[in-house]
Amino acid sequence: MTTKTLLLGAVASAALTLGGAIAPATAEPIVSEPLELDIFFHFRDKYGWDEEWAVAKELTNKTGITLKGTAPVSAGNTRELFNLMIASGDLPDIVGGEFRGSGMKEAFDQYGMEGAFQPLNDLIAEHAPEIQKMLDENPVVKAAISAPDGNIYYVPYMPDGDVARVWYIRQDWLDKLGLEQPKTVDELYDVLVAFRDQDPNGNGEADEVPYFVRHTEEALRLVTLWGARSTGSDTYHQFYIDEGTVAHPYAHENFRTGIANVAKWYDEGLIDKEVFTRKSRARDELLGGNTGGVTHDWVASTAGYNSKLQDQIEGFSFLPMAPPADINGKVWEEHGRIAVKPSGWAIGFSNEHPEETIKLFNYYFTEEGRRMANFGVEGLTYDMVDGKPMFKDSVLNGDGAVVGQMWEIGAQIPVGFQQDYEYERQWTNEIALKGIEMYSQGDYVVDQFLGFAMNAEEKEVYDKYWPNLLSFMQESYEKWILGASDVEADWEGYQAQLERLGYAEVLAALQSSYDRQYGN
Ligand code: CA
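Reference entry: report on the structure contained in this document. These numbers come from a predicted model, not from an experiment.

Rules of the game
Residues numbered from 1 in each chain as written. Predicted model: local features only at pLDDT ≥ 70, side-chain atom pairs only at ≥ 80, totals over all residues. Heavy atoms only, no water. Helix = DSSP H or I, 4+ residues; strand = E, 2+ residues; numbered from the N terminus. Buried < 20%, exposed > 50% of the residue type's maximum accessible area, 1.4 Å probe, protein only. Donors = N, O, S within 2.8 Å, 3.2 Å for Na, K, Ca; no water. Pairing = 2+ DSSP bridges. Axes fitted to C-alpha atoms, helices over the stretch in contact; angles between N-to-C directions. Salt bridge = Lys/Arg side-chain N within 4 Å of Asp/Glu carboxyl O. Contact = heavy atoms within 4.5 Å. Polar contact = N/O pair within 3.5 Å; in protein donor to acceptor, adjacent residues only side chain to side chain. Parallel < 35°, antiparallel > 145°, perpendicular 65-115°, else oblique. Nonpolar A, V, L, I, M, F, W, Y, C, P; charged D, E, K, R; others polar. Phe/Tyr/Trp six-rings, centres within 6.5 Å; stacked < 30°, edge-to-face > 60°. Lys NZ or Arg CZ within 6 Å of the ring centre and 35° of its normal.

1. Examining unusual backbone geometry
- Positive phi, close to 50 degrees, is recorded for D199, a residue that is not glycine.
- Along the chain, D199 turns up in the loop between α9 (185-197) and β7 (209-211).
- Despite not being glycine, H237 has its phi angle at roughly 70 degrees, a positive value.
- Position of H237 relative to the elements: it lies in the loop between α10 (216-220) and β8 (240-242).
- For H237, a relative accessible area of 12% corresponds to the buried category.

Pasting the structure below:
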């Protein structure tokens, strides 16, 4: 490993002149002589690039390139480790991963524009045909991963499939009460009232919790039944794009109507009274306690309660249902998987083998490399059956979730690669698969906004105003849901306060960012 000194600002041109001397004619293996590159890679505060990973070894077998990790292979705060690496000025050949709770895109962009990372556009065009093909086929993805200066500084991790959270209902309770799955917001209201009042669990007590959630924001998301938004992407509290105009859900007129009705449902005992405190215990407590009726949660893990509870609760049947139509008659699901994550990997400024490195990145987008990134190593974790990778029984019935087993060997990690939903289908149960099929066929899931790439000026405005604005919005809707204050009485003052806190300035900054990034 060589030590390099990072002089921010002075290195942008240096990066461009440090071209690789070797340009092998064949794509595989990428190099004729073994090549070692060092890599900072860390994710989930838990895993660092490990040469002992089966996938890391396979990568060397296939490409001739060995990646030597510089981050700890064990637990640690990914963001702090990243900041230390940047501050040290010792930048490895490759940098990548994912900060817990958010991506690395902002860091790739910011430090990329300061010269820490090499711009990849030309390297991709010249040496990475599979990545180029993906970008050509997905112009929105290309826009989403571009920095404010128009350059691409990282190759992203791209999830597959679009269904994520769905509605679930106690089908056996419906059957017992002689009710159908609710098809509209009004029918949902009637079903929740019936669950509250008609003792579907049959214990003689009014202990049912009609609607419950693990995340308070999933109660807030009920506003979608009144045509409002609760977020614009696969994470909470995000801006959304309304026909080319940037807007925030909590400032919109529809939100006023939606939150007033959510408050009413809460007041009537249709929403869990402990919705702000129960959190991650909700499914275990309320499904396990035979008291929860309806929820909105991840399709696969929620389906799992059917097998978990079948011996404990007679007739327990918790099934996916289509989203009830909103007050405008529209059937839609706000939450879905995002097409591209703000994580992946980048090339350090002092990397003397940018061509070989981008070819390595490209390998992950070939059929063979993508299979490795998704399924691990043939013969070890999967076998080819009728031309398709199938996980071995030892993985499907192995210790812990399949995805966790993959992380342990370096597959399904947030390097730049395209996930293949097939990897997940093989360990997803029938009930969840039916739910996924229902939501896919109904085309219910709305497009998830892929995010902004703000320039320094826009970012300054955003950072100055947005944290306070979001806090004020959250305090306000909490008061409204809990009945501590009345949204109808408050709305005018609420809007005025948003303006005082700089809402218009934030919108203007984001609109400018959006127009530059996605305008074409
Ligand atoms: Ca009861």
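2. Re the coordination of the calcium ion
- Protein-derived coordination of the calcium ion comes from D199 (OD), N201 (OD1), N203 (OD1), E205 (O), D207 (OD), E208 (OE) and E208 (OE), at a distance range of 2.2 to 2.9 Å.
- Here the donor residues of the calcium ion share one chain and are spaced in sequence as D-x1-N-x1-N-x1-E-x1-D-E. Comparing N201 with E208, the two get one shared label, buried.

3. Remarks on the sheet that holds strand β10 (residues 292-298)
- Overall, mixed pairing links the four strands, which are arranged β7-β10-β6-β11 in an open sheet. Of all the strands in the sheet, just β7 and β11 (318-321) have a single pairing partner and so form its edges. Each adjacent strand pair in this sheet contributes to an overall mean axis angle of 35 degrees, direction not counted.
- In this structure, β7 lies alongside β10, joined through two bridges in parallel fashion. Note that in β10 the partner of Y211 across the bridge is V294.

4. Looking at the pairing of strand β6 (residues 165-170)
- Extensive coverage of β6 is indicated by the burial of six of its six residues.
- Examined bridge by bridge, β6 and β10 share five bridges and lie antiparallel to one another. By the bridge assignment for β10, V166 is matched with D297.
- Sheet topology note: the β6/β11 ladder contains four bridges and is antiparallel. Across the sheet, I169 pairs through a bridge with L319, a residue of β11.

5. Focus on the pattern of salt bridges
- Enumeration over the complete set of coordinates arrives at 27 salt bridges.
- A salt bridge links R256 to E253; its shortest N-O distance comes to 3.3 Å. With a gap of three residues between them, R256 and E253 both fall in helix α11 (residues 253-267), about one helical turn apart.
- Residue R256 is classed as partly exposed on the basis of its relative accessible area, which comes to 22%.
- We note a salt bridge from R256 to E488, for which the minimum N-O separation is 3.0 Å. Of this pair, R256 sits in helix α11 while E488 sits in helix α22 (residues 487-500), and the two are 232 residues apart along the sequence.
- Each of the salt bridges in this network shares a partner with another, and the network as a whole consists of R165, E218, R221, R229 and E334.

6. A few points about the side chain of T63
- Take T63: it is sitting in helix α2 (residues 54-63).
- On the basis of relative accessibility, which here comes to 1%, the residue T63 falls in the buried class.
- Contacts of T63, omitting those with residues within four sequence positions, involve P29, I30, V31, L360 and Y363.

7. Digging into the environment of Y250
- Looking at where Y250 falls in the secondary structure, it is placed in the loop between β9 (245-247) and α11.
- Sequence separation of Y250 and A228 is 22 residues, and the distance between their C-alpha atoms is 8.8 Å.
- In this structure Y250 touches L220, S230, H237, F255, L470, M473, Y477, W491 and Y494, once residues within four positions along its chain are discounted.
- At a separation of 3.2 Å, a polar atom in the side chain of Y250 contacts the main-chain carbonyl oxygen of S230.
- For Y250, the side chain forms a polar contact with the side chain of H237, separated by 2.7 Å.

8. Observations regarding the packing of helix α21 (residues 456-482) against α22
- Where α21 contacts α22, the two axes come as close as 12 Å, and the packing angle between them is 175 degrees. With respect to α22, the axis of α21 lies roughly antiparallel. Judged by residue contacts, L469, F472, M473, S476 and W480 of α21 engage V487, D490, W491, Y494, Q497 and L498 from α22.
- Looking at the contact of α21 with α22 residue by residue, the classes come out as eight nonpolar, two polar and one charged.

9. Quick word on the side chain of R170
- Mapped onto the elements, R170 comes out in strand β6.
- In this structure the side chain of R170 is engaged in a polar contact, spanning 2.8 Å, whose partner is the side chain of D172.
- R170 has contacts with F195, N290, G292, G293, I313, F316, S317 and F318, leaving out every residue within four places of it along the chain.

10. A short note on the packing of aromatic side chains
- With the rule as written, the count across this model stands at 40 aromatic pairs.
- With 6.0 Å between their ring centres and 55 degrees between their planes, Y47 and W407 make a pair best called tilted. Of this pair, Y47 sits in strand β2 (residues 47-48) while W407 is found in helix α18 (residues 402-409), placing the two residues 360 residues apart along the sequence. Across the pair, W407 and Y47 agree in class, each one buried.
- With a centroid separation of 5.2 Å and 85 degrees between ring planes, the pair formed by W345 and Y364 is classed as edge-to-face. With a gap of 19 residues between them, W345 in strand β12 (residues 344-347) and Y364 in the loop between α15 (354-363) and α16 (367-375) connect regions that are remote in the sequence. The pair formed by W345 and Y364 is uniform in burial state, with each residue classed as buried.
- Members of the aromatic cluster, connected to one another through ring pairs, are F41, F43, Y47, W49, W53, W345, F361, Y364 and W407.
- Stacked on the ring of Y266, the Lys or Arg K273 has its end atom at 4.2 Å from the ring centre.
- Taking NZ or CZ as reference, K308 lies 4.1 Å from the ring centre of Y305, over its face.

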